[in-house]
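Analysis of the macromolecular model
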Amino acid sequence: MVDYFSYNERLGIPIPSFHQDWDDYSKETQQTILFHWEKIRGRIPDRIAELEDHINSKQALLSNEENFNKSCELNSEIAELASIINDLWLWYRTHQDISEKIHM
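To keep things clear, this report deals only with the structure shown in the data block. (Residues numbered from 1 in each chain as written. Predicted model: local features only at pLDDT ≥ 70, side-chain atom pairs only at ≥ 80, totals over all residues. Heavy atoms only, no water.)

Looking at helix 2 (residues 68-94)
Put simply, the rule reads: Strands are runs of DSSP state E lasting at least two residues, helices are runs of H or I lasting at least four, and both sets are numbered from the N terminus onward. What a helix should span is 1.5 Å times the count of its residues minus one. Relative accessibility decides the category of a residue: with a 1.4 Å probe and only protein chains considered, values under 20% of the type maximum give buried, values over 50% give exposed, and everything between is partly exposed. Residues are treated as being in contact if the distance between any of their heavy atoms lies within 4.5 Å. As used in this structure description, the phrase polar contact means that two N or O atoms lie within 3.5 Å; if the pair is within protein, one of them must be able to donate a hydrogen and the other to accept it, and residues adjacent in sequence are counted only when both atoms belong to side chains.
In this model helix 2 runs 38 Å from its N-terminal to its C-terminal C-alpha over 27 residues, within 8% of the 39 Å that 1.5 Å per residue would give. Those residues of helix 2 lying buried are S71, L74, I78, L81, I84, I85 and L88. As for helix 2, its buried residues are in contact with strand 2 (13-16) and helix 1 (27-64). The opening residue of helix 2, the one whose side-chain oxygen lies 2.9 Å from the backbone nitrogen of N69, is N67.

Structure (structure tokens):
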């Protein structure tokens, strides 16, 4: 499955990385890819929960931070984590229709 997915450091999950059009893959290969994607997709909510925990920790630090520069740094880190969560939800929802094809 390595050929069909590449690990995305920012998101912390493998994402689809096709080298040809979807319809050019055999039905068997498509089913294998879809099955593997469903396993990855199933881990996305856990990854989001992990990032939310990081956000909560940083927000707790921010609430007690008196140094302006450090506050700005924490805000930036929180914003980046929130952006990652948003992207993960997009991957989760956008590719839900692909995952539904497994059950057809």
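Here's the deal with the packing of helix 1 against helix 2
Operational definition: Here, axes are lines fitted to C-alpha atoms. For helices the fit covers the stretch in contact, and angles between N-to-C directions go from 0 to 180 degrees. The cut-offs work like this: below 35 degrees is roughly parallel, past 145 is roughly antiparallel, 65 to 115 is roughly perpendicular, and the gaps in between are oblique. Here a crossing is called left-handed whenever its near helix is offset anticlockwise from the far helix by less than a right angle, and right-handed whenever the offset is clockwise. Residue classes follow a fixed rule: Ala, Val, Leu, Ile, Met, Phe, Trp, Tyr, Cys and Pro count as nonpolar, while Asp, Glu, Lys and Arg count as charged, and any other residue, Gly among them, counts as polar.
Two numbers describe how helix 1 lies on helix 2: the axes approach to 9 Å, and their chain directions differ by 160°. Taken together, helix 1 and helix 2 sit at an angle that is classed as roughly antiparallel. In the packing of helix 1 onto helix 2, the handedness of the crossing is left-handed. Of the residues assigned to the contact of helix 1 with helix 2, the class counts are 18 nonpolar, 4 polar and 5 charged.

Observations regarding the packing of aromatic side chains
Any two aromatic rings considered together are summarised by their centre-to-centre distance and by the angle between their planes. Put simply, the rule reads: Each aromatic pair joins two rings of Phe, Tyr and Trp (for Trp, the six-membered one) with centres within 6.5 Å, and gets the label stacked for planes under 30 degrees apart, edge-to-face for over 60, and tilted for any other angle.
Under the defined criterion, the tally for this structure stands at 7 aromatic pairs. With centroids separated by 6.3 Å and ring planes inclined at 5°, the aromatic side chains of F5 and W37 adopt a geometry described as stacked. Here F5 is found in strand 1 (residues 5-8), whereas its partner W37 is found in helix 1, with 32 residues between them in sequence. Like W37, F5 is buried. Centre to centre, the rings of W89 and Y92 are 5.5 Å apart; their planes meet at 85°, and the pair counts as edge-to-face. Within this pair, W89 and its partner Y92 are both found in helix 2, separated by 3 residues, close to a single helical turn.

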